Amino acid sequence: LQHYFIQSNLRVFLSKMLYQRFIEVGRVCYIRIGDHSGKICTIVDLVDQKHLLVDGPTSGVPRCVVRLNQLAVTDLKVKIPRGCKTKKVRTELTKEDINTKFLATGLSKKAEAKKAKANLGDFDRFKLRVSKTATNRKIRSLTRQLKKSS
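Keep in mind the model is a prediction, meaning the values are calculated, not measured.

A. Geometry of the side chain of T42. By secondary structure assignment, the location of T42 is in strand β2 (residues 40-46). For T42, a relative accessible area of 1% gives the class buried. The residues contacting T42, other than those within four sequence positions of it, are G26, R27, V28, L53, V54, D55, V78, I80, V89 and L93.

B. Expanded view of the pattern of salt bridges. Evaluated as defined, the whole model comprises 10 salt bridges. A salt bridge links E96 to K101; the nearest nitrogen and oxygen atoms lie 3.8 Å apart. We classify K101 as partly exposed; its relative accessible area is 40%.

C. Seen up close, a positive patch on the surface. A surface patch of like charges, here positive, comprises R137, R140, R144, K147 and K148. Along the chain, R140 turns up in helix α5 (residues 122-149). For R140, a relative accessible area of 42% corresponds to the partly exposed category.

D. Spatial organisation of the environment of G34. Within the element layout of this structure, G34 appears in the loop between β1 (27-31) and β2. When its relative accessible area of 39% is taken as the criterion, G34 is described as partly exposed. Placed 36 residues apart in sequence, G34 and Q70 show a C-alpha to C-alpha distance of 7.0 Å.

E. Spatial organisation of the nonpolar core. Among the nonpolar cores identified, the biggest contains 16 residues, and V28, Y30, I40, I80, V89, L93 and I98 are the most heavily contacted of them. Once residues within four sequence positions are removed from consideration, V89 is found in contact with T42, V44, D55, P57, I80 and C84. In this structure, C41, L52, V61 and V73 belong to the second largest nonpolar core, which totals 10 residues.

About the criteria used
- Residues numbered from 1 in each chain as written.
- Predicted model: local features only at pLDDT ≥ 70, side-chain atom pairs only at ≥ 80, totals over all residues.
- Heavy atoms only, no water.
- Helix = DSSP H or I, 4+ residues; strand = E, 2+ residues; numbered from the N terminus.
- Buried < 20%, exposed > 50% of the residue type's maximum accessible area, 1.4 Å probe, protein only.
- Contact = heavy atoms within 4.5 Å.
- Salt bridge = Lys/Arg side-chain N within 4 Å of Asp/Glu carboxyl O.
- Patch = residues over 30% accessible without salt bridge, like charges linked within 9 Å, V, L, I, M, F, W, Y side chains within 5 Å.
- Areas by Shrake-Rupley, 256 points an atom, 1.4 Å probe, with all protein chains shown as cover.
- Lys, Arg positive; Asp, Glu negative; His and termini not counted.
- Charge placed at Lys NZ, Arg CZ, Asp CG, Glu CD.
- Core = buried A, V, L, I, M, F, W, Y, C linked by side-chain atoms within 4.5 Å.

Next up, the structure:
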């Protein structure tokens, strides 16, 4: 009975796709590192295993070759043919309204928070540290109380 249970769980596990964000033409990416960091682009063509030809006409990224490790792949995708022109990429991105969809993703929110934290002044960083220590102190005291009571 246990053997059957393990086999059935394994079958369910294997039938489910684990990775959904494939590197493919039309996939929208966020540039993390490089000259155009902080902007979104679309994969137009694959150069080799580590390089991609990207284009981002709506965000100001010119058509260029970017290394794969400089990008963060998103769930968003547009339907474009391989190696299509910038005009076609622009029309598809505006038709699908990709910029507003990207602003709703967690990746965009995380990047905004990182930028806000980088722009903090000295006193703001101090206030943030003080508030973090205060909350951690409260959490620590509560966990100690719960351990003593149990």
